[in-house]
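Structural overview
Next come the chains, spelled out residue by residue.
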Amino acid sequence: GPPSLSSSPPQVARSQGKGIFLFRRLKDIMDWRKDARSSDDQKDEIPVENYVAQRYIENPYLIGGRKFDLRVYVLVMSYIPLRAWLYRDGFARFSNTRFTLSSIDDQYVHLTNVAVQKTSPDYHPKKGCKWMLQRFRQYLASKHGPEAVERLFSDMDNIFVKSLQSVQKVIISDKHCFELYGYDILIDQTLKPWLLEVNASPSLTASSQEDYELKTCLLEDTLHVVDMEARLTGREKRVGGFDLMWNDGPVSREEGPPDLSGMGNFVANTHLGCVNDRNNQLRQLFRSLQNQKKASS
């Protein structure tokens, strides 16, 4: 088999693939550390760089022989208690160059960031390198069947919730603030999702018309959920393209109080990569809210 890629330590708080490099052997990491230290004569003046070490996933799921990752949007309205929404739309970002482990220095093979891929010689601005999540979900269902896809997407829900719970206590919780995160997820050949990173200020620059529409709708729906005009009741489980995923506990797709006995079929209120008829939903939502106000006054 191919040699193992032990680690890829990107520098902390960088973006667009800057500062990422790969090692094949643990010994190479030790040599790199020695080199970094010996060249560092003015130790006191140079600040210490922080790195994140991650195992390289050698068996990424490929489509058309190309590696990709997923960008998914999660809106956190509060950390204590945890209240998080999941956006239905997102995209898969593809590499332009076919995947191989024999050229680990080729960034166009291994890094899916658009900022990297758009400088590739075979990048077509019209075609871009993105698939909308709906298309990706349909593709997987046609190849592996709907049950496998449900399992994968439920594993991804688990990643979103567990990652937020793991930092719940250390993040300053201010009820006047919200955070929109861009999650990067890699899927391997066994259809297991891996969390690559969580971006605190995801790029809102559009690389195509489809991308532009997604991001303008994402921003509009974010403001609907933030609800500065106080038009919502606070009990909504869906606002535009956002579905309430966690509200101090799991949120059920079914109406009524949550069934915590474990007897009923609990289905999470998440619809990632599903149909997103957000305009229609928003029209109905605000119409029913207006009617409620009129009735109560």
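Looking up the chain in an unreviewed UniProt entry gives the name Tubulin--tyrosine ligase-like protein 9, with the organism given as Neovison vison. Listed in UniProt under the heading Sequence similarities (unreviewed entry), the comment for the chain reads: "Belongs to the tubulin--tyrosine ligase family."

**Some remarks on unusual backbone geometry**
The peptide bond linking I80 to P81 adopts the cis configuration, its omega dihedral lying at -5°. Structurally, the position occupied by P81 is in the loop between β1 (68-78) and β2 (83-94). Positive phi outside glycine occurs at D227, with the angle close to 60°. Relative to the helices and strands, D227 resides in the loop between α6 (209-226) and β6 (238-239). Exposure remark for D227: the relative accessible area of 15% places this residue in the buried category.

**As for the environment of L75**
One can find L75 in strand β1. Residues L75 and L180, spaced 105 residues apart in sequence, show a C-alpha to C-alpha distance of 4.5 Å. The contact partners of L75, leaving out residues within four places of it in the chain, are R83, A84, W85, F178, E179, L180, T222, V225 and F242.

**Quick word on the packing of aromatic side chains**
On inspection of all chains with the given rule, the structure shows eight aromatic pairs. Ring geometry for Y73 against F91: centres 6.4 Å apart, planes inclined by 65°, an arrangement best described as edge-to-face. Of this pair, Y73 sits in strand β1 while F91 sits in strand β2; the two residues are 18 residues apart in sequence, bridging distant segments of the chain. The exposure class of F91 is buried, given its relative accessible area of 2%. Taking 5.4 Å as the distance between ring centres and 70° as the angle between the ring planes, the aromatic pair formed by F94 and W131 counts as edge-to-face. Within this pair, whereas F94 is found in strand β2, its partner W131 is found in strand β3 (residues 130-132), the two being separated by 37 residues in sequence.

Scoring rules and cut-offs
- In this convention, every chain numbers its residues from 1, walking through the sequence in written order.
- pLDDT decides what is reported in this predicted model: residues at 70 or higher carry local features, side-chain atom pairs at 80 or more are listed and counted, and totals for whole chains, interfaces and linings draw on all residues regardless.
- In computing side-chain values, all of the structure's heavy atoms are included and hydrogens and water are not.
- UniProt positions are given in the numbering used here, feature names are shortened, and annotations may be inferred rather than shown by experiment.
- Only runs of H or I of at least four residues qualify as helices and only runs of E of at least two qualify as strands under DSSP, and these elements are numbered from the N terminus.
- Classification of residues uses two cut-offs on accessible area relative to the type maximum, computed with a 1.4 Å probe and protein chains only: under 20% is buried, over 50% is exposed, and between them is partly exposed.
- A contact between two residues is defined here by any heavy atoms of the two lying within 4.5 Å.
- For this analysis, a ring pair means two rings from Phe, Tyr or Trp (six-membered ring only for Trp) whose centres lie within 6.5 Å, classed as stacked if their planes differ by under 30 degrees, edge-to-face if by over 60, and tilted for the remaining angles.

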